Amino acid sequence: MKHRNITRILCLVLGSLAINSAAFAHGTEKHGKTATADLQMKKLHEMMPMFSVTSAKLEAALEKGDVAEAETEAGKIIAAVPDLKKSKPHKNIKQRKRFVELATKLDKAVISTVELAKKGDVAGAKAAFKQVEEACAECHVKFRD
Ligand code: HEC
């Protein structure tokens with residue numbers, strides 16, 4: 001009985017070692033990327049500072065109740081979403097499906113922020129904007145930080 005337990009523990013240890021070294025192997029993969037993938041990463045780097053500025057302006061526009069400006073700023077984010085979906089993060093690149101889902105979440109949240117603002121539902125628009133920030137943060141936790 002005792003012997004069997006030791007074997008089981010050994011298997012667990014060896015198993016987790018194997019998983020860790022597999023993770024290491026994945027970590028080095030990004031160095032061998034093609035020019036296309038580099039371009040996609042560059043796109044992401046260029047897009048994100050714009051997202052930062054634009055979402056701050058969107059929030060300020062909601063505060064002021066400036067629907068036209070909110071629409072303009074939201075439009076910039078919405079226009080960039082197809083590129084965001086095509087781009088590649090440095091981290092967790094295997095989880096592309098989740099990356100695209102979070103880009104979609106961002107898209108939807110921005111769209112509903114503007115729609116609610118246009119209807120004059122300020123509280124609703126602000127709540128939807130919280131979802132925008134959540135999508136930014138969620139994606140960063142998984143794919144950036
Ligand atoms: C679908 C994923 C995703 C979403 C959604 C997203 N980001 Fe990012 N963001 C990233 C990744 C990945 C990086 C890291 C870029 C890199 O290292 O190539 C990043 C980096 C950044 C940076 C740092 C600049 C840089 O190039 O490293 C800022 C600022 C930023 N994002 C702002 C935002 C804001 C604001 C939002 C929401 C309006 C947002 N992001 C939404 C994935 C996302």
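Everything here concerns the structure above.
As the structure is a computational prediction, the values presented were derived from the model and not from experiment.

### Thoughts on the coordination of the iron atom of the ligand
Consideration 1: Donor atoms from the polypeptide that coordinate the iron atom of the ligand comprise M48 (SD) and H140 (NE2), at 2.0 to 2.3 Å from the metal.
Consideration 2: A residue is classified by how much of its surface remains accessible, and M48, at 28% relative accessible area, is partly exposed.

### Some details on the site of the ligand
Consideration 1: Taken together, 17 residues lie near the ligand, and M48, H90, C136, C139 and H140 sit nearest.
Consideration 2: A distance of 2.8 Å separates an oxygen atom of the ligand from a polar side-chain atom of H45.
Consideration 3: H90 is positioned such that a nitrogen or oxygen atom in its side chain is 3.0 Å from an oxygen atom of the ligand.
Consideration 4: Assessed atom by atom at 2 Å from the grid points, the ligand resides in the largest pocket.
Consideration 5: Among the elements that make up the shell around the ligand, the one with the highest residue count is helix α2 (residues 35-64) (6 residues).
Consideration 6: In terms of residue class, the shell around the ligand is built from 11 nonpolar, 5 polar and 1 charged.

### Remarks on helix α4 (residues 96-118)
Consideration 1: Its 23 residues place the ends of α4 33 Å apart at the C-alpha level, agreeing with the 33 Å of an ideal helix rising 1.5 Å per residue.
Consideration 2: Among the residues of α4, F99, L102, A103, L106, D107, A109, V110, T113, V114 and A117 are the ones counted as buried.
Consideration 3: The positive-phi residue at the C-terminal boundary of α4 is G120, with phi of around 85 degrees.

### Let's talk about the packing of α2 against helix α3 (residues 67-86)
Consideration 1: Their axes nearest at 9 Å, the elements α2 and α3 cross at an angle of 155 degrees. Judged on the interaxial angle alone, α3 and α2 are roughly antiparallel. Two packed elements cross with a definite hand, and for α2 against α3 that hand is left-handed.
Consideration 2: The residue makeup of the contact of α2 with α3, split by class, is 13 nonpolar, 3 polar and 8 charged.

Scoring rules and cut-offs
- Residues numbered from 1 in each chain as written.
- Predicted model: local features only at pLDDT ≥ 70, side-chain atom pairs only at ≥ 80, totals over all residues.
- Heavy atoms only, no water.
- Donors = N, O, S within 2.8 Å, 3.2 Å for Na, K, Ca; no water.
- Buried < 20%, exposed > 50% of the residue type's maximum accessible area, 1.4 Å probe, protein only.
- Near = heavy atom within 4 Å.
- Polar contact = N/O pair within 3.5 Å; in protein donor to acceptor, adjacent residues only side chain to side chain.
- 1 Å grid on protein atoms, 1.4 Å probe; cavity = no way out; pocket = protein on both sides within 12 Å on 5 of 7 lines; lining within 4 Å.
- Sits in = over half its atoms within 2 Å of the grid points.
- Helix = DSSP H or I, 4+ residues; strand = E, 2+ residues; numbered from the N terminus.
- Nonpolar A, V, L, I, M, F, W, Y, C, P; charged D, E, K, R; others polar.
- Expected span 1.5 Å × (residues − 1).
- Axes fitted to C-alpha atoms, helices over the stretch in contact; angles between N-to-C directions.
- Parallel < 35°, antiparallel > 145°, perpendicular 65-115°, else oblique.
- Left-handed = near helix turned anticlockwise from the far one by under 90°.

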